[in-house]
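# An overview of the molecular structure
Listed below, chain by chain, are the residues.
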Amino acid sequence: TGAEVKSCNCSCPKFLNMDPPCRTDLAHPASINCEMNKFSDMISWLAATDDSFRQVLAVDGELELFSRAWCVAEVAEAYMMGMKQLLKI
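A brief report on the enclosed structure follows. (Residues numbered from 1 in each chain as written. Predicted model: local features only at pLDDT ≥ 70, side-chain atom pairs only at ≥ 80, totals over all residues. Heavy atoms only, no water.)

## Regarding the overall build of the protein
- Helix and strand counts for the protein stand at two helices and four strands.
- Its C-alpha atoms give the protein a radius of gyration of 16 Å, clearly above 12 Å, the size a compact globule of 89 residues would have.
- If you line up the protein on its principal axes, its C-alpha atoms span 40 × 30 × 25 Å.
- Within the protein, the fraction of its 89 residues that count as buried is 13%.
- Within the protein, contacts between residues at least 6 apart in sequence are counted, and of these 35% link residues at least 24 apart.
- If you average the places of the 8 positive and of the 12 negative side-chain charges in the protein, the two averages end up 3 Å apart. (Helix = DSSP H or I, 4+ residues; strand = E, 2+ residues; numbered from the N terminus. Rg over C-alpha atoms; globule rule 2.2 N^0.38 Å. Buried < 20%, exposed > 50% of the residue type's maximum accessible area, 1.4 Å probe, protein only. Contact = heavy atoms within 4.5 Å. Lys, Arg positive; Asp, Glu negative; His and termini not counted. Charge placed at Lys NZ, Arg CZ, Asp CG, Glu CD.)

## What about the layout of surface pockets?
- What the largest pocket holds in volume is close to 350 Å³.
- What lines the largest pocket is a set of 14 residues, among which Ser 7, Lys 14, Phe 15, Leu 16 and Met 36 lie closest to the centre.
- Across the lining of the largest pocket, the residue classes break down as nine nonpolar, two polar and three charged.
- When its volume is computed, the second largest pocket comes out at roughly 250 Å³.
- Together, Glu 35, Met 36, Asn 37, Lys 38, Phe 39, Ser 40, Trp 70, Ala 73, Glu 74, Glu 77 and Met 80 line the second largest pocket.
- Those elements that place two or more of their residues in the lining of the second largest pocket are helix H1 (39-49) and helix H2 (69-80). (1 Å grid on protein atoms, 1.4 Å probe; cavity = no way out; pocket = protein on both sides within 12 Å on 5 of 7 lines; lining within 4 Å. Points joined across faces, edges and corners; volume = space filled by probe spheres on them. Nonpolar A, V, L, I, M, F, W, Y, C, P; charged D, E, K, R; others polar.)

## Considering the pairing of strand E4 (residues 85-88)
- The pairing of strand E3 (residues 55-58) with E4 spans four bridges and is parallel. Bridged to Leu 57 within E4 is Leu 87.
- What joins E3 to E4 is H2, and the crossover it makes is right-handed. (Pairing = 2+ DSSP bridges. Right-handed = clockwise from strand over helix to strand, strands pointing away.)

## A few points about a nonpolar patch on the surface
- Taken together, Leu 63, Phe 66, Val 72, Leu 87 and Ile 89 make up a surface patch of nonpolar side chains, about 480 Å² in accessible area.
- Turning to its location among the elements, Leu 87 is positioned in strand E4. (Patch = residues over 30% accessible without salt bridge, like charges linked within 9 Å, V, L, I, M, F, W, Y side chains within 5 Å. Areas by Shrake-Rupley, 256 points an atom, 1.4 Å probe, with all protein chains shown as cover. Salt bridge = Lys/Arg side-chain N within 4 Å of Asp/Glu carboxyl O.)

Quick look at the structure:
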């Protein structure tokens, strides 16, 4: 939508995806301090270090989970990695 995402108003410092310092070993630089760009790294690490790790999709009755872009991205990322996924409605 192009709408700006507002951060919370707590006193903790905020870091966006392009705030330095950035990783340069990726196709697109990513801020090391940003907490919003770590899903792929985290899910890869969990899958690699725990053979029993699974993604459980706890879906609401109206299926609103699938209307949220970041949720769909996480489901797709885990699927592309070959991770076992369990759907709970």
